[in-house]
Amino acid sequence: MANQEAGENPIKSEGDIVTCRKLIRNAAVAAGFGMTDVTRIVTAVSELARNVYVHSGSDGVMRWEILHQPGQIGIHLEFEDYGKGIPDVDQAMEVGFTTAGTMGMGLSGVKRLMDDINIKSEVGVGTTITVEKWGRAK
Amino acid sequence: MNHSHSNSKYISNFNSWAEQKRFVNFTDEDAALLQKLHPFAVDYADVFVEKLYEHLQKFPDTKRFLGDEKMLMRLKLAQKAYFMDLTSGDYGEGYFKSRIKVGIAHQRIGLPPRIYMSTYCYYMQLMIPQIYSNPTFDVETANGIFSALHKIINLDQELAISAYIHATDEVISRQTEEILEMSTPVIQIWEGVVAAPIIGMLDSGRTQQFMERLLETIVQTNSPVALIDITGVPQIDTATAQHLIDTINAVKLLGSQVIITGVRPVIAQTLVHLGIDLSGIITRPTMALGLKVALDKLSIKVVDVSKE
Ligand SMILES: Nc1ncnc2c1ncn2[C@@H]1O[C@H](COP(=O)(O)OP(=O)(O)O)[C@@H](O)[C@H]1O
Ligand SMILES: [Mg+2]
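In what follows, the accompanying structure is described. Model, not experiment: these values are computed from the prediction.

Criteria and cut-off values
- Residue positions are counted from 1 within each chain, in the order its sequence is given.
- By the order in which they are written, chains take letters starting at A while ligands take numbers starting at 1.
- Where local features are concerned, this predicted model is filtered to residues with pLDDT of at least 70; where side-chain atom pairs are given and counted, the filter is 80 or more; whole-chain, interface and lining totals use all residues.
- To get the side-chain values, take all heavy atoms of the structure and skip hydrogens and water.
- By the convention used here, residues are in contact when the closest approach between their heavy atoms is within 4.5 Å.
- Here's the idea: put two parts together, see how much 1.4 Å probe accessible area each one loses, and the total over both is what we call buried area.
- Here, a salt bridge means any Lys or Arg side-chain nitrogen found within 4 Å of an Asp or Glu carboxyl oxygen.
- Counted as a polar contact is a pair of N or O atoms within 3.5 Å, where, for protein atoms, one must be capable of donating a hydrogen and the other of accepting one, and residues adjacent in sequence contribute only when both atoms are in side chains.
- The way it works is that DSSP assigns letters per residue, a run of H or I at least four long becomes a helix, a run of E at least two long becomes a strand, and they are numbered from the N terminus.
- Classification convention: Asp, Glu, Lys, Arg as charged; Ala, Val, Leu, Ile, Met, Phe, Trp, Tyr, Cys, Pro as nonpolar; all other residues, Gly among them, as polar.
- For two strands to pair, DSSP has to find at least two bridges joining them.
- The cutoff for a nearby residue is simple: one of its non-hydrogen atoms must lie within 4 Å of the molecule or strand.
- Residue-level accessible areas treat just the shown protein chains as cover; the underlying method is Shrake-Rupley with a 1.4 Å probe.
- Cavities and pockets were defined on a 1 Å grid built over protein atoms only: a cavity is a set of grid points that admits a 1.4 Å probe from which the probe cannot escape, a pocket is an open set flanked by protein on both sides within 12 Å along at least five of seven lines, and lining residues are those with an atom within 4 Å of any such point.
- Just a note on the criterion: a molecule sits in a pocket or cavity if more than half of its atoms are within 2 Å of the grid points.
- Grid points are joined across faces, edges and corners, and a volume is the space filled by probe spheres set on the points.
- Joining through side-chain atoms within 4.5 Å is the link that ties buried Ala, Val, Leu, Ile, Met, Phe, Trp, Tyr and Cys residues into a set, and such a set is a nonpolar core.
- For every residue, the accessible area (1.4 Å probe, protein chains only) is compared with the maximum for its type, and the residue is labelled buried under 20%, exposed over 50%, or partly exposed between those bounds.

**A closer look at the interface of chain B and chain A**
- Contact residues are listed per partner, giving 24 residues for chain B and 23 residues for chain A.
- Per-residue buried area on chain B facing chain A is highest for B:Gln235, B:His273 and B:Leu274; these three make up 27% of the total on that side.
- Inspection of the chain B/chain A interface yields one salt bridge.
- For B:Asp237, the salt bridge goes to A:Arg50, with nearest N and O atoms at 3.8 Å.
- Linking chain B to chain A there are five residue pairs in polar contact (both at pLDDT 80 or more).
- Of all the secondary-structure elements, those providing two or more residues to the side of chain B that touches chain A are α9 (238–253) and α10 (265–274) of chain B.
- With six residues, α10(B) is the largest single contributor of residues to the side of chain B that touches chain A.
- Class assignment for the residues of the side of chain B that touches chain A results in eleven nonpolar, eleven polar and two charged.

Structure representation (structure tokens):
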């Protein structure tokens, strides 16, 4: 079977977070990412999927795609939910900011773990967070 | 928080059963046809039950479920009620619930689904002549009754099988929980030192259990040092880090100390990226090195007697 290069997974339960991590770990390894990058990517997935589950107050979905450039491989991830939204995105990105009494270091951490992060959010409508990571092709 | 449960999709609720009725095309007309059969079913009930149990007693596999004389009497009574309900004409929520109960009861005593299903087959074999040799039914009515009976029995079977699957599913999730518990063992590896190798992610469900067991073992063994080994943890996100820090603080409250071992370079790097500061925590790359620190703390010296 050919390696799957794109897909999606719902985020409705804590078990779905586990599935998201597993899916992306397998996809990133198959794409040829090194172990350091795989760990960073999977950690980011864990943060963002958990945020959907814990903060959005609704269901969500993770979409992913493996990208190719000459000499490079990339992964594009999108986390979309239909929940309460983030009123102040800059504030949410601050180290230590949390509305849940947890560490408040997820979003700022993801920004450092990945090459690119983009947050679109509307209060009462939902949040879409996309991240990308590139590595040297094997 | 809404934890979705995998079990719920198997056991039907009354709504999904209504859908199931539409699926097999069970209509009010079918209900009416079955009701036509009802007075004859009532007359035939005692003979039917006797014949059925006579058949079941022929096979050692089924006979052992029938029990002693008293038990058999009770089973026959229950069977008779079940049989007469089949043609009662009322297939509402009461009927639905009683069928689910019957399925669960049979699963509970360990009756294989094979026997359950085959008994329905024998049901039909006994009933078909009752329908077609009845002079009050013309062929068209008899065909209609036959079809309606077939449908209701199919619906009953579906409920029974759902109950079986549901029960099996519960066994699986219980076993999963047990495996989960086994996968975070806490063991005393030296007088005064307990060790807990964590395999897999430390998710919320598991942390609570793990923390409780670790604290209990520390108290029971009166251990000043606990080694938590994370060699088998694939990655640490902020939630896992929080769980670890909470655990470490709880251990501190007992007057003991945690050493985190098996911190791989990739994990250390990700923790730095996440901005998590573990500088106040003793960490070692391997469990062996962690044990060395622990023994030093306890002022224990291990000597290699061959070199003495
Ligand atoms: N998908 C989301 N929907 C709504 N709010 C979110 C979402 N993701 C993050 N947030 C908000 O951003 C804050 C910071 O998130 P994060 O940095 O991951 O820290 P933490 O999860 O520990 O609170 C959260 O407390 C929450 O208020
Ligand atoms: Mg978070």
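**Quick look at the pairing of strand β3 (residues 72–81) of chain A**
All names here are of chain A.
- Here ten bridges tie strand β2 (residues 60–69) to β3, and the two strands are oriented antiparallel to one another. Counted as the bridge partner of Ile-66 is Ile-75 from β3.
- Turn length for the β2-β3 hairpin, with the two strands adjacent in sequence and antiparallel, is two residues, and the turn residue Gly-71 shows positive phi of about 75 degrees.
- Pairing between β3 and strand β5 (residues 126–136): ten bridges, direction antiparallel. Counterpart to His-76 in the pairing with β5 is Glu-132.

**Looking at the site of ligand 1**
Residue and element names in this part refer to chain A.
- Close contacts around ligand 1 come from 17 residues, with Asn-51, His-55, Thr-98, Thr-99 and Thr-102 the closest.
- A distance of 2.8 Å separates an oxygen atom of ligand 1 from a polar backbone atom of Gly-104.
- Coverage of ligand 1 by the protein amounts to 94% of the 530 Å² it exposes when considered alone.
- Counting atoms within 2 Å of the grid points, the majority share of ligand 1 lands in the second largest pocket.

**Looking at empty space enclosed by the protein**
Residues and elements named next belong to chain B.
- Enumeration over the complete set of coordinates arrives at one cavity of 30 Å³ or more.
- Its boundaries defined by the atoms lining it, the largest cavity holds a volume of some 70 Å³.
- In terms of lining, the largest cavity is formed by Ile-230, Ile-236, Ala-241, Leu-244, Ile-245, Ile-248, Ile-260, Val-263, Leu-271, Leu-278 and Ile-281.
- Looking at the lining of the largest cavity element by element, the count peaks at four residues for α9.
- Classifying every residue of the lining of the largest cavity gives eleven nonpolar, no polar and no charged.

**Topic: the layout of surface pockets**
- Empty space within the second largest pocket amounts to approximately 870 Å³.
- Lining the second largest pocket are 39 residues; nearest its centre among them are A:Asn51, A:Val54, A:His55, A:Thr99 and A:Ala100.
- Among the elements of the structure, α2 (35–55), β3, α3 (89–93), α4 (106–113) and β5 of chain A together with α9 of chain B are those that each provide at least two residues to the lining of the second largest pocket.
- No other element matches the eight residues that α2(A) contributes to the lining of the second largest pocket.

**Some words on the nonpolar core**
- Within the largest apolar cluster, 61 residues are counted, with the highest numbers of intra-cluster contacts made by A:Leu77 and B:Leu214.
- Among the elements that take part in this core, α2(A) stands out by supplying nine residues, more than any other.
- Those residues within four positions of A:Leu77 in sequence are excluded, and the remaining contacts are A:Ile24, A:Ile41, A:Val45, A:Met62, A:Arg63, A:Trp64, A:Met114, A:Ile129, A:Thr130 and A:Val131.
- Counting residues in each nonpolar core, the second largest holds 46 residues, with B:Ala41, B:Val49, B:Ile152 and B:Leu159 among its members.

**Some remarks on unusual backbone geometry**
- Positive phi is not limited to glycine here, since B:Asn25 has a value of about 70 degrees.
- As for its position among the elements, B:Asn25 is in the loop between α1 (14–23) and α2 (28–56).

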